[in-house]
Amino acid sequence: MADRKIIHITREQMAEQLHYAAMVSAMGNRPTSYHVVTYGCQMNAHDSEKLSGMLRDMGMTEAADRTEADFVIFNTCCVRDNAERRALGNVTWLKEVRKKNPRLIIAVCGCMIQQPGMAEKILKQYRFVDLAFGTSNLYKLPELLYRTLSSDRAVVVVEDEDTIAEELPIKRLRKDAAYITIMYGCNNFCSYCIVPYVRGRERSREMEAILREARELKASGVKEIMLLGQNVNSYGKGLEGHVTFAGLLRALDEIGIERIRFMTSHPKDLSDELIEVMGSSRHILPQFHLPVQHGNDEILRRMNRHYTRAQYLDKVRKLRQAVPGIGLTTDIIVGFPGETEEQFQDTLSIVREVGYDSAFTFIYSPRTGTVAAGMPDQVAEDVATDRIQRLIAVQEESQRKAMSRFIGMEEEVLVEGLSRRSSSEVSGHGRHGVSITLPGTESDIGSIIRVRVTAMKNNTLVGERIDEPEESICVKS
Ligand code: SAH
Ligand code: SF4
Ligand code: F3S
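So, here's what we can say about the structure. Owing to the predicted nature of the structure, the values given are computational and were not obtained by experimental measurement.

Some thoughts on the packing of helix H2 (residues 42-57) against helix H5 (residues 141-149)
Remark: H2 packs on H5, axes separated minimally by 10 Å, with the N-to-C direction vectors making an angle of 60°. By the criterion of interaxial angle, the relationship of H2 to H5 is oblique. Taken as a pair, H2 and H5 cross one another with a handedness that is right-handed. Contact residues: H2 offers Leu51, Met54 and Leu55, while H5 offers Leu141, Pro142 and Leu145.

Now the structure itself:
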C-alpha cells in the first residue's frame, strides 16, 4: 500500500475533459439546472465547489432547491454511520421526485462511494441512481455525464487511485473567503477512521500551484483563505526539496491575504517550526484546531495516534506561549472499544485542563474495514450516550470559562451573514475563531469590522463596533 503511485492528471487529460464538457453542452437531453447536496467535512464542501464549477462551465445553472433541479449530485460522507444513513435516506427520497420530473438525473459521489463493495451495492440496491463516482474520479465529471446521457444504463466508476488534478473550474460559495486544498488523502490510519481508505494515500500539491491560487484569490478580493487537508502538518512529504507546512505558511503570509486559517492538524506532526511561524507571521490567524480524540494514553495508543496525553499538553503549552490567547478547538471520540469509565474520566480532565473554545464530540462509530471495528469490548450504546452527554456538559462549562477571556477585548470580525436572531445584527468569526454577533446590515457582509466584545450569549460573543477610519485597521492582534 505504501508504494502506491501518485497520479498527476496531465494537461492532455484535462483538455480531454474540456472536450467532453463541450459535447455535453451541445446535447439536447442534457440537464439545464443542477443542485449539489454536500455532506461531511470542508474537503467535501470544496469538492462540491469544483463539481459546481464544472457544471456551470457545461452551461447549467444552479437550482436553489434539489426539487427544482434536473441534475442532483449527492456528495457523500461515511466517517460515521449517521452521516452515511442520512445521505442514503435522501437519495431514496429523490426516487419519488423523479416520478414528477422524468428528466431528473441522480448522481452519488464522494467518500461513501469509495468504500469497498459500494459500486456493486449501488448497481443492485439503488437502481434509480444514474451515475456514481468516487473521490479520485471527480475531475472526470464531464466525461461521466456524457456517458450517462448517452446510455440507458447506470454509469458507476470507482477507481482506487491517488490523483491530483490541477486547474479544475471552481464555483466558490463565498466571495470574501475561499478554500484551498494543499494536500489530499491520509497515511495515518487511526484505528477507528475510514478516511485513509476512501481518500487514498497522502499527497501534496506543488507549492507553486498553491501560491498561484492564493495570489489569484487575493487579486479577486478574497480576505480569508482556509487551507485544507486531512493532516496539513505533514504537507510537503514526497515533494522535491525540503518543503514543509511551516515553509508554505511563510510563503503564503508574504502574499498579504488578510486572514489565513488551516485544518486539520495532527498533534504528532505539529513541529516547533510551525509553532514559531504561528508566532511570527502577520496574517495567520491565532487559532488552532488540534484534535485530541482522547485523554487516556492506553486509548490513544490503541487509536494509533502516536502521541501521549503529556506530549499533546506540551504542544498546547508551546502554542499558547508562542501565540498568547490562541483559540484552541478539538475533536473528541467517546465510547472507543474497551473504553472504561476511568479512561473516559481522563478525557473529561483533559478538556478541563486545556479549556477549548469549542469541541466536536462524537460517539465512536464502527467502520467496516478499520482495525477498531474488529476490537473486542465494543461499548454499549447507552453507556456511550451517557458519556457524551457528560462530556458535552463539561465542555460547555470549560468553554464558557475559556471564552470569557474575550470580554472587553478588541476583535476583528469577517462578517458572514445576517444573524439568525435579528435583522439589525450580523455575525461572523473573530481572528481567534469564535463566532461574534454585532450590530449591522446586509451591506456589511464580506467586510472585516472591528468590535469590542461586550458579552457572551450561549456559545457566541456579542460585540459593539469600534468606529475608526478604514486605513487604520490593523491585521495583527
Ligand atoms: N483528519 C482529521 C479528521 C477527519 S474526520 C483529523 O485527523 O483531525 C473528523 C473527526 O471525526 C475526527 O477527528 C474524529 O474525531 C471523528 N471520527 C473519525 N472517525 C470516527 C469514527 N469511526 N467514529 C466516531 N468519530 C470518528
Ligand atoms: Fe482519520 Fe486519523 Fe487520518 Fe484524521 S489523521 S483522517 S482521524 S486516519
Ligand atoms: Fe466524511 Fe470524507 Fe470528509 S468521510 S469527513 S467527507 S473526508
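Re the sheet that holds strand S21 (residues 460-465)
Pairing is mixed around the closed barrel formed by five strands, whose spatial order is S17-S18-S19-S21-S20. Sheet twist, expressed as the mean angle between neighbouring strand axes with direction ignored, is 55°. Looking at chain direction, strand S17 (residues 410-418) and strand S20 (residues 448-457) are connected through five bridges and run antiparallel. For Glu411, the partnering residue across the bridge sits in S20 and is Val451.

What about the packing of aromatic side chains?
On inspection of all chains with the given rule, the structure shows nine aromatic pairs. With centroids separated by 5.2 Å and ring planes inclined at 85°, the aromatic side chains of Phe262 and Phe288 adopt a geometry described as edge-to-face. Placement of Phe262 in strand S13 (residues 259-263) and of Phe288 in strand S14 (residues 287-289) is noted, with a sequence separation of 26 residues between them. A residue is classified by how much of its surface remains accessible, and Phe262, at 7% relative accessible area, is buried. A relative accessible area of 2% places Phe288 in the buried class. A centroid spacing of 6.0 Å and a plane angle of 35° characterise the contact between Tyr307 and Tyr312, whose relative ring orientation is tilted.

Thresholds, definitions, all that
- Residue indices begin from 1 for each chain and proceed along its sequence in written order.
- Ligands are numbered from 1 and chains lettered from A, in the order in which they are written.
- Whole-chain, interface and lining totals are the exception, using all residues; otherwise, since this is a predicted model, local features are given only for residues with pLDDT of at least 70 and side-chain atom pairs are given and counted only at 80 or more.
- Note that the side-chain values use all heavy atoms of the structure and ignore hydrogens as well as water.
- Under this scheme, a helix contributes an axis fitted over its contacting stretch, all axes are lines through C-alpha atoms, and angles between N-to-C directions fall in the 0 to 180 degree range.
- Put simply, DSSP marks the helices as runs of H or I at least four residues long and the strands as runs of E at least two long, and each gets a number from the N terminus on.
- Working rule for angles: under 35 degrees goes down as roughly parallel, over 145 as roughly antiparallel, 65 to 115 as roughly perpendicular, anything else as oblique.
- Rotating anticlockwise by less than a right angle from the far helix to the near helix defines a left-handed crossing, while the corresponding clockwise rotation defines a right-handed one.
- Any two residues whose heavy atoms approach within 4.5 Å at even a single point are treated as in contact.
- When DSSP finds two or more bridges between a pair of strands, those strands are recorded as paired.
- The aromatic pairing rule takes the rings of Phe, Tyr and Trp, using the six-membered ring of Trp, and pairs them if the centres are within 6.5 Å, calling planes under 30 degrees apart stacked, those over 60 edge-to-face and the rest tilted.
- Accessibility here uses a 1.4 Å probe with only protein chains present; expressed as a share of the type maximum, an area under 20% marks a residue as buried, one over 50% as exposed, and anything in between as partly exposed.

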